[in-house]
Amino acid sequence: MARIVVLDGYTVNPGDNPWTPLAELGQLLVFDRSAASETILRAADAEIVLTNKVQLDASTLAQLKNLRGISVLATGVNAVDLPAATARGIAVCNVPSYSTSSVAQHTLALLLELCHRVGLHDASVHAGEWQRSPDFSYWNSPLHELEGKRLGIVGYGAIGRRVAAAARALGMDVSAAQLAHAAPSGSSSSVERLPLDELFRRCDVISLHCPLTAETKELVSRARLSLMKKHAFLINTARGGLIDEPALAEALDSGELAGAALDVLSSEPPNAGNPLLLAKNCVITPHVAWTSLPARQRLLAVTVDNVRALLAGKPIHVVNPEYAPH
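What counts and what doesn't
- Residues numbered from 1 in each chain as written.
- Predicted model: local features only at pLDDT ≥ 70, side-chain atom pairs only at ≥ 80, totals over all residues.
- Heavy atoms only, no water.
- Buried < 20%, exposed > 50% of the residue type's maximum accessible area, 1.4 Å probe, protein only.
- Helix = DSSP H or I, 4+ residues; strand = E, 2+ residues; numbered from the N terminus.
- Pairing = 2+ DSSP bridges.
- Axes fitted to C-alpha atoms, helices over the stretch in contact; angles between N-to-C directions.
- Contact = heavy atoms within 4.5 Å.
- Parallel < 35°, antiparallel > 145°, perpendicular 65-115°, else oblique.
- Left-handed = near helix turned anticlockwise from the far one by under 90°.

Draft legend 1. Region of interest: the pairing of strand S7 (residues 173-177). Across the 5 residues that make up S7, a large majority, 4, are buried. Bridge analysis of strand S6 (residues 150-154) against S7 gives 4 bridges, and the strand direction is parallel. Bridge assignment links leucine 151 to a residue of S7, and that residue is valine 174. When S7 meets strand S8 (residues 192-194), the two strands line up parallel, connected through 3 bridges.

Draft legend 2. Quick peek at the sheet that holds S6. Here 7 strands make up an open sheet; going across it, the order is S8-S7-S6-S9-S10-S11-S12 and the pairing parallel. Of all the strands in the sheet, the pair left with one neighbour each is S8 and strand S12 (282-284). Direction aside, neighbouring strands of the sheet carry axes that sit 20° apart on average. On the sheet, helix H5 (residues 100-116) packs against strand S9 (205-208), strand S10 (233-236), strand S11 (259-262) and S12 and is oriented at approximately 150° with respect to S10. Helix-sheet contacts for helix H11 (residues 245-253) involve S10, S11 and S12, and the interaxial angle to S11 is about 140°.

Draft legend 3. Main features of the sheet that holds strand S4 (residues 69-72). Taken in spatial order, the 5 strands of this open sheet run S2-S1-S3-S4-S5, and their pairing is parallel. Only two strands of the sheet have a single neighbouring strand rather than two, namely strand S2 (27-30) and strand S5 (91-93). For this sheet the average axis-to-axis angle between neighbouring strands, irrespective of direction, equals 15°. Judged from the 3 bridges that link them, strand S1 (residues 3-6) and strand S3 (residues 48-51) form a sheet pairing that is parallel. Looking at S3, one finds that isoleucine 4 is bridged to isoleucine 48. Running over the sheet, helix H12 (residues 293-311) touches S1, S3, S4 and S5 and is turned about 155° from S3.

Draft legend 4. Main features of the packing of H5 against helix H8 (residues 158-169). As a packed pair, H5 and H8 sit with axes 9 Å apart at the nearest point and diverge in direction by 45°. In this view, H5 runs oblique relative to H8, as classed from their interaxial angle. Taken as a pair, H5 and H8 cross one another with a handedness that is right-handed. Contacts between H5 and H8 involve Thr100, Ser101, Val103, Ala104, Thr107 and Leu108 on the former and, on the latter, Ala158, Ile159, Arg162, Val163 and Ala166.

Draft legend 5. A look at H11. Along H11, the residues that are buried comprise Glu245, Ala247, Leu248, Ala249, Ala251 and Leu252. Those residues of H11 that are buried lie in contact with helix H10 (222-227), S10, S11 and S12. Note on H11: the residue one or two positions beyond its end, glycine 255, has a positive phi of about 80°.

Written out as structure tokens, the structure is:
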């Protein structure tokens, strides 16, 4: 039987999403987490390796002599050195679209938190502030109405389009970034397309939904942050590396930007010195947008299909189509 190794499976299945369908395909070995120093030993004899965030770089791949395929437990494939995998004839597959509903919903939750500070007001009520108030109503931060505001979406794929639909339902206007390196979205939508700088300049909310690549690294730079309106919000449910984090922290602390809501950071878990952890008006959640049980169940189901196809020599959802089996 083929040896299948899961290097970091805990977040996919912390106990509520059984690996049983995957175990039916071969000899399955699942690790909740793997340190970099453990990766080669654990995957040494594997034909198929599954990873979410454990890095498979060129030096690691060179030592995995039996490896036929990699299935990433995510849509983004930053964990794998794609050129190295391609050179070694290793197919790399991902799981597209499994989290569209959950991530779009979380994006909306982050936007509404910036507008209404529900958590802040809930905490104040439980601290007794309403009981002590001389009025029937109070608010501890400005509340913002979204109707008539403009949302700028960077990355108009499945998630971006779903967020756009939700925004329109709230009365927002929507524009999308022109990204020269982006793959076609497959949508015939007539959404207004704007150059990146113009998008940042014109929009009241910017929401990031593009992959992290060499071209998009720190796309939200100090220069682009300076283009944004002072009352604008920035939302990121994509990848932390899209943002120059020190520059964002400075913009928030100086009042040059009204708020940010982030589900991702450049290093996860974050380093203690990450300036965004102490920045003003910065809402941060621990990369949870994708983690609803229905999304994780879809993730596992597609992963099973990926592994079955890899074992049959007819891989699907391949992100390095240039590979050629040796």
